[in-house]
Every structure is written in C-alpha cells, then in structure tokens.
Amino acid sequence: MRLSARVDYALRAAAELAATASGPGRGRPVTADQIARAQEIPPKFLESILLQLRRGGIVHAQRGPEGGYWLARPAEEISLAEVIRVIDGPLAHVRGQRPEQLGYHGPARALQEVWIALRASEREILELVSIADVAAGTLPARVTELAADPRAWI
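Residues numbered from 1 in each chain as written. Predicted model: local features only at pLDDT ≥ 70, side-chain atom pairs only at ≥ 80, totals over all residues. Heavy atoms only, no water.

K.L.:
An account of the environment of Glu145 is needed here, citing residue identities and associated values.
P.N.:
Structurally, Glu145 is set in helix α7 (residues 141-148). Taking the C-alpha atoms as reference points, Glu145 and Ala120, 25 residues apart in sequence, are found 18 Å from one another. (Helix = DSSP H or I, 4+ residues; strand = E, 2+ residues; numbered from the N terminus.)

Following this line, the structure appears as structure tokens:
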C-alpha cells in the first residue's frame, strides 16, 4: 500500500486537531501555521490539504484573528479511511480502475479477487482506526496485534 504525502499530512493534521480539541485550550480553532509547525508540514501544502478536508466535511474553518480549523465531528467518528478517501479517492485502484471493474482472463482471472480482498483488508483496518485513536495513541487491539508481528515490519 502506498499513501501519498497529501494523505500522510492530512492524517497528521487531523490527529493534531483531535489532540488540540481534547487538550488545554480546547474549543479554540487551530491555525494552519500552528498545525504546520507542530507536524513539520510545509505550510502552503497544508493549506491546500485543509481546504480539501473542509470540502470533504472533515474540518470546519473560520477566518479572521480568532480563526483557524477544528474537526467537524468528534474525532471518534472520523476514520482514517474517510480522510484517505477525501484526499486521494477510493482506497484501492489498479491502473486507475476499481478492482471490480477489471477484466482478467485465463490464468490471471483470480487476480481480481486478490485485489478485492486486499481492498477489503485495507478497509477493515482503516475504518476500524479513528483519528481519536491515533491522537491518543490507543489503537484497537487488532491493529496492535498485527503491528506486533515482526513480519509486519519488513
């Protein structure tokens, strides 16, 4: 699985907003500059990502001296999968197509099922983990179990 820098930055920005919402000063919007500094994200790049997240219903924004960004819903209700879809579209594509739209023939026919199973596996994990889980560092047991397998790290 390959995730774009945009997705990585979007997930980190969302986690930063979740942590800020539950920490001191909660309820106050967080500026893009604060998020960029905290997560070491290029500020101009972050601005366009935050715009996508706003259009996708993940964050709200307010302009002005008291402006900034905050999560549109509780962090527990926002899955990693949702953020990824807002930024990069569907979870699994093969040559730019959804796996169920592919047409394989002969001995390669089973590849379609492999790609669909891979997408289902990705979806299972990415929909299980919320932004709140990431921000709190308390991942679901299934994720911790998978990550504890030494083979997962190679």
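K.L.:
Lay out the side chain of Arg119 with the relevant residues and their values.
P.N.:
Inspection of the secondary structure puts Arg119 in helix α5 (residues 111-128). Discounting residues that sit within four places of it in the chain, Arg119 has contacts with Ala92, Arg98, Pro99 and Glu100. (Contact = heavy atoms within 4.5 Å.)

K.L.:
How would you explain the environment of Val114 if you had to name every residue and give the values?
P.N.:
When you line up the elements, Val114 lands in helix α5. Taking the relative accessible area as the measure of exposure, Val114 reaches 42% and is therefore partly exposed. (Buried < 20%, exposed > 50% of the residue type's maximum accessible area, 1.4 Å probe, protein only.)

K.L.:
Provide a residue-level description of the packing of helix α4 (residues 80-88) against α5, including the pertinent values.
P.N.:
At a minimum axis distance of 6 Å, the contact between α4 and α5 shows a crossing angle of 110 degrees. One way to sum up the angle between α4 and α5 is to call them roughly perpendicular. Note on element contacts: α5 touches α4 through Arg123, Leu126 and Glu127, opposite Leu80, Ala81, Ile84 and Arg85. (Axes fitted to C-alpha atoms, helices over the stretch in contact; angles between N-to-C directions. Parallel < 35°, antiparallel > 145°, perpendicular 65-115°, else oblique.)

K.L.:
Can you tell me about unusual backbone geometry, naming the residues and giving the values?
P.N.:
Positive phi is not limited to glycine here, since Glu40 has a value of about 55 degrees. By the secondary structure assignment, Glu40 is in the loop between α2 (32-39) and α3 (43-55). By relative accessible area, Glu40 is classed as exposed at 69%.

K.L.:
Report on the nonpolar core, specifying residues and quantitative values.
P.N.:
Membership of the largest hydrophobic core comes to 34 residues, with the highest contact counts inside it found for Leu46, Leu53, Leu71, Val83 and Ile131. Among the elements of the structure, α1 (5-22), α2, α3, β2 (68-71), α4 and α6 (131-136) are those that each provide at least two residues to this core. For this core, the leading source of residues is α1, giving eight residues. (Core = buried A, V, L, I, M, F, W, Y, C linked by side-chain atoms within 4.5 Å.)

K.L.:
Before we move on, can you summarise the pairing of strand β1 (residues 59-62) with the specific residues and values?
P.N.:
With four bridges connecting them, β1 and β2 associate as antiparallel partners. Note on β2: the bridge partner recorded for Ala61 is Tyr69. (Pairing = 2+ DSSP bridges.)

K.L.:
Can you break down the pattern of salt bridges residue by residue, with the values?
P.N.:
Close approach of charged atoms allows side chains of opposite charge to pair. Going through the model one piece at a time under the given rule, you end up with six salt bridges. The salt bridge involving Arg12 is made with Asp8; its shortest N-O contact spans 3.0 Å. Of this pair, Arg12 and Asp8 both sit in helix α1, four residues apart, roughly one helical turn. In this structure, Glu145 and Arg142 form a salt bridge, with 3.0 Å as the shortest nitrogen-oxygen distance. Here Arg142 and Glu145 lie together in helix α7, a separation of three residues that amounts to about one turn. Look at Arg142 and you get partly exposed, because its relative accessible area is 36%. (Salt bridge = Lys/Arg side-chain N within 4 Å of Asp/Glu carboxyl O.)

K.L.:
Could you give an account of the packing of α5 against α7, with specific residues and numbers?
P.N.:
In the contact formed by α5 and α7, the axes pass within 9 Å of each other and the chain directions differ by 125 degrees. Considering the angle they form, α5 stands oblique to α7. In contact with Glu124, Ile125 and Leu128 of α5, α7 contributes Arg142, Val143 and Leu146. Within the contact of α5 with α7, the residues separate by chemical class into four nonpolar, no polar and two charged. (Nonpolar A, V, L, I, M, F, W, Y, C, P; charged D, E, K, R; others polar.)

K.L.:
Which residues make up the environment of Leu126, and what values do they have?
P.N.:
Positionally, Leu126 belongs in helix α5. Distance from Leu126 to Trp153, taken between C-alpha atoms, is 18 Å for residues 27 residues apart in sequence.

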